[in-house]
Amino acid sequence: MTIISKSVRAYVDQARSALKQGNINLAIRIVHDFIERIITEPLCTAQVFASRDLDEMWLEIGRQNLSNLGVIFKNSRDISEIRPHAVYIVSRLQRSGGHSRLVQDFIREQPDKNHLILSTEVGGPSSVDYFLKHFAADNNVQFLRAPRGNFQSRLSWLQSMLLAKQPEKVHLLNHHQDSVAVAALIPELGFSGSFYHHGDHHLCLGVHLSHLTHVDLHPMGYHYCRNELGVNNRYLPLTFEDKFVTPSQNKSTYSGRITTGTAARSNKVEIPYYVSYIETIPSVLKATGGKHIHIGKLTPWALYRIYDLMRKLGIRKDRLVYIEWTPSVWQSLLEHKVDVYLASFPYGAGLTLIEAMGAGIPVIMHQHMHSRVLSGLELAYPEAYRWSEPKALLVYLASLQPEKLEHEKILSRLRYEHFHRPEILRDYF
């Protein structure tokens, strides 16, 4: 990735030039736009993860912006006088996406503390409905969005909020390109904080911030960041609230026709790759003779393509159950009596996989052609079937027997109980 390194240096030089001229907003925009190009280039996915030069650049920007603020914001009290024990800096609070759920879990496991969520809105407008549904009833939780404006105005707003509130702990959960969030949290502020590396399969700002505790949320990322990127990190397993499995839900309904399920949005499965999720699902339906439950919004083109291929294979349209969104993947998988969970590909999704295992559903993993991070194999129980070629997947599905499914139900649930129970997160705090 020598070309990428040269490009980074060139853009850093441009940003520093703008910074010397006092144009902080231009400096931020130059590198922000560069990162957008990298994370939208498929060839860079799971190949380019971090840049020490960029992270050092953001510290320079944050320091210069803070010096420009002076003391005017130190006495700001435009929000509640209640001092937050914890501040969560996010790019966007949305109803789907693992990091929004992570914030919710962090707050739930610390009920005796005051919490403040600060969103830069660099990732787009937040879902106010999501906040109202999950947090509004809690009088110890506040949510504030950056006012509309350019990058520098958002950075000034965020740094002023941190100065005004003086939190005990800051949790940084920025999107890949959110330079505002990363630049704000400079070491001179003196806050104890952690960077949660959830933007884990693209170039992400903040990976090399040494003044924050670097936290990886899965074993693949932990080992890569430590061994390949030289980051002094720690591992915090993803956890999920136990919604349990009743005896009636766990009762086998296998009748020779398997119901498969996958939970993923278009950004996980509509990606150029040698195996197409869109083209594989109709073949899965042909091999199983059952149904496939897809949870997560797909583009109209993807749905058209799936239904068209189903029609050509003589498969009824109602054998694909499409659910654009659900408040609980766990419960939906159980309600639709899913026998086997197909992990999304080419990009795996960690939290939904954990929900499937918590629900005691056997899982099947895709082995990505070059990336263990994208595969997510280590998150599943070791006995879970792994495939790389569609033909092998179809043969395996056609050969599944009730005894195999019953055995893996136990393995799946045990994996959740051993590594992903909410008590693990409680112990972390």
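In case you missed it, the structure is sitting above this.
Read on for an overview of the structure.

What counts, and where the lines are drawn
- Residues numbered from 1 in each chain as written.
- Predicted model: local features only at pLDDT ≥ 70, side-chain atom pairs only at ≥ 80, totals over all residues.
- Heavy atoms only, no water.
- Helix = DSSP H or I, 4+ residues; strand = E, 2+ residues; numbered from the N terminus.
- Rg over C-alpha atoms; globule rule 2.2 N^0.38 Å.
- Buried < 20%, exposed > 50% of the residue type's maximum accessible area, 1.4 Å probe, protein only.
- Contact = heavy atoms within 4.5 Å.
- Areas by Shrake-Rupley, 256 points an atom, 1.4 Å probe, with all protein chains shown as cover.
- Pairing = 2+ DSSP bridges.
- Axes fitted to C-alpha atoms, helices over the stretch in contact; angles between N-to-C directions.
- Salt bridge = Lys/Arg side-chain N within 4 Å of Asp/Glu carboxyl O.
- Phe/Tyr/Trp six-rings, centres within 6.5 Å; stacked < 30°, edge-to-face > 60°.
- Core = buried A, V, L, I, M, F, W, Y, C linked by side-chain atoms within 4.5 Å.

On to the overall build of the protein chain. Counting its regular elements, the protein chain contains 18 helices and 13 strands. Its C-alpha radius of gyration of 23 Å places the protein chain within 12% of the 22 Å reference for a compact globule of 429 residues. Expressed as lengths along the three principal axes of its C-alpha atoms, the size of the protein chain is roughly 70 × 50 × 40 Å. Classification of the 429 residues of the protein chain by burial places 56% in the buried group. Restricting to contacts in the protein chain with at least 6 residues of sequence separation, those with at least 24 account for 75%. Just so you have it, the protein chain exposes about 18700 Å², and 51% of that area is on carbon and sulfur atoms.

Strand order in the open sheet made by the six strands is β10-β9-β8-β11-β12-β13, with parallel pairing throughout. Edge positions in the sheet fall to β10 (320-323) and β13 (385-387), since each of these pairs with one other strand and no more. Mean inter-strand twist for the sheet, computed between neighbouring axes without regard to direction, equals 20°. Sheet topology note: the strand β8 (residues 260-263)/strand β9 (residues 292-295) ladder contains four bridges and is parallel. The partner of Thr260 across the bridge, within β9, is His292. The strands touched by helix α11 (residues 277-288) within the sheet are β8, β9, β10 and β11 (340-342), with β9 carrying the most contacts at an inclination of about 150°. Relative to strand β12 (residues 363-366), helix α14 (residues 350-358) is tilted by about 155°, and along the sheet it contacts β8, β11 and β12.

This next bit is on helix α4 (residues 98-108). For α4, the tally of buried residues reaches nine of 11 residues, placing the bulk of the element in the interior. Residues His99, Ser100, Arg101, Leu102, Val103, Gln104, Asp105, Phe106 and Ile107 constitute the buried set of α4.

In this section: the pattern of salt bridges. Here the structure, examined in full by the defined rule, presents 20 salt bridges. For Glu188, the salt bridge goes to Arg63, with nearest N and O atoms at 2.6 Å. Residue Glu188 is located in the loop between α7 (179-184) and β5 (192-196), and its partner Arg63 is located in helix α3 (residues 52-69); the two are separated by 125 residues in the primary sequence. Taken together, the salt bridges that share partners define one network made up of Arg101, Asp105, Arg108, Glu109, Glu241, Lys243 and Arg426.

Attention shifts here to the packing of aromatic side chains. The geometry of two aromatic rings is summed up by the distance between their centres and the angle between their planes. Under the counting rule described, the total for this entry stands at 13 aromatic pairs. When the centroid spacing of 4.5 Å and the interplanar angle of 45° are considered together, the rings of Phe49 and Tyr224 count as tilted. One end of the pair, Phe49, is in the loop between α2 (24-39) and α3; the other, Tyr224, is in helix α8 (residues 219-227), with 175 residues separating them in the sequence. On the accessibility criterion, Phe49 (6% relative accessible area) is buried. Ring geometry for Tyr385 and Tyr396: centres 3.9 Å apart, planes at 5°, overall stacked.

By secondary structure assignment, the location of Thr259 is in the loop between α9 (247-250) and β8. Relative accessible area serves as the criterion here: at 12%, Thr259 is assigned to the buried category. Not counting residues within four places of it along the chain, the set of residues in contact with Thr259 comprises Lys291, Ile293, His336, Lys337, Val338, Asp339 and Val340.

Between Phe345 and Pro346 the backbone carries a cis peptide bond, its omega angle lying at 10°. Within the secondary structure, Pro346 sits in the loop between β11 and α14. Although it is not a glycine, Phe244 adopts a positive phi angle of roughly 65°. With respect to the helices, strands and loops of the structure, Phe244 is situated in the loop between β7 (233-235) and α9. Of the residues examined, Phe244 reaches a relative accessible area of 52% and is grouped as exposed.

Attention shifts here to the sheet that holds strand β3 (residues 141-145). With parallel pairing, the seven strands of this open sheet are ordered in space as β3-β2-β1-β4-β5-β6-β7. Two strands close off the open sheet at either side, each with one partner strand: β3 and β7. With direction set aside, neighbouring strand axes in the sheet form an average angle of 25°. As judged from the five bridges shared by strand β1 (residues 86-90) and strand β4 (residues 169-173), these two strands associate in the parallel manner.

On to the nonpolar core. Leu54, Trp58, Ile61 and Leu162 are the most contacted members of the largest nonpolar core, which has 62 residues in total. Of all the secondary-structure elements, those providing two or more residues to this core are α1 (2-20), α2, α3, β1, β2 (115-119), α6 (151-165), β4 and α7. Among the elements that line this core, the one with the most residues is α2, at nine residues. Here Leu162 is in contact with Val87, Ile89, Leu118, Pro167, Val170, Ala184, Leu185, Leu189 and Phe191, once residues within four sequence places are set aside. If you look at the next biggest cluster of nonpolar residues, it comprises 53 residues, including Met220, Ala263, Val338 and Leu377.

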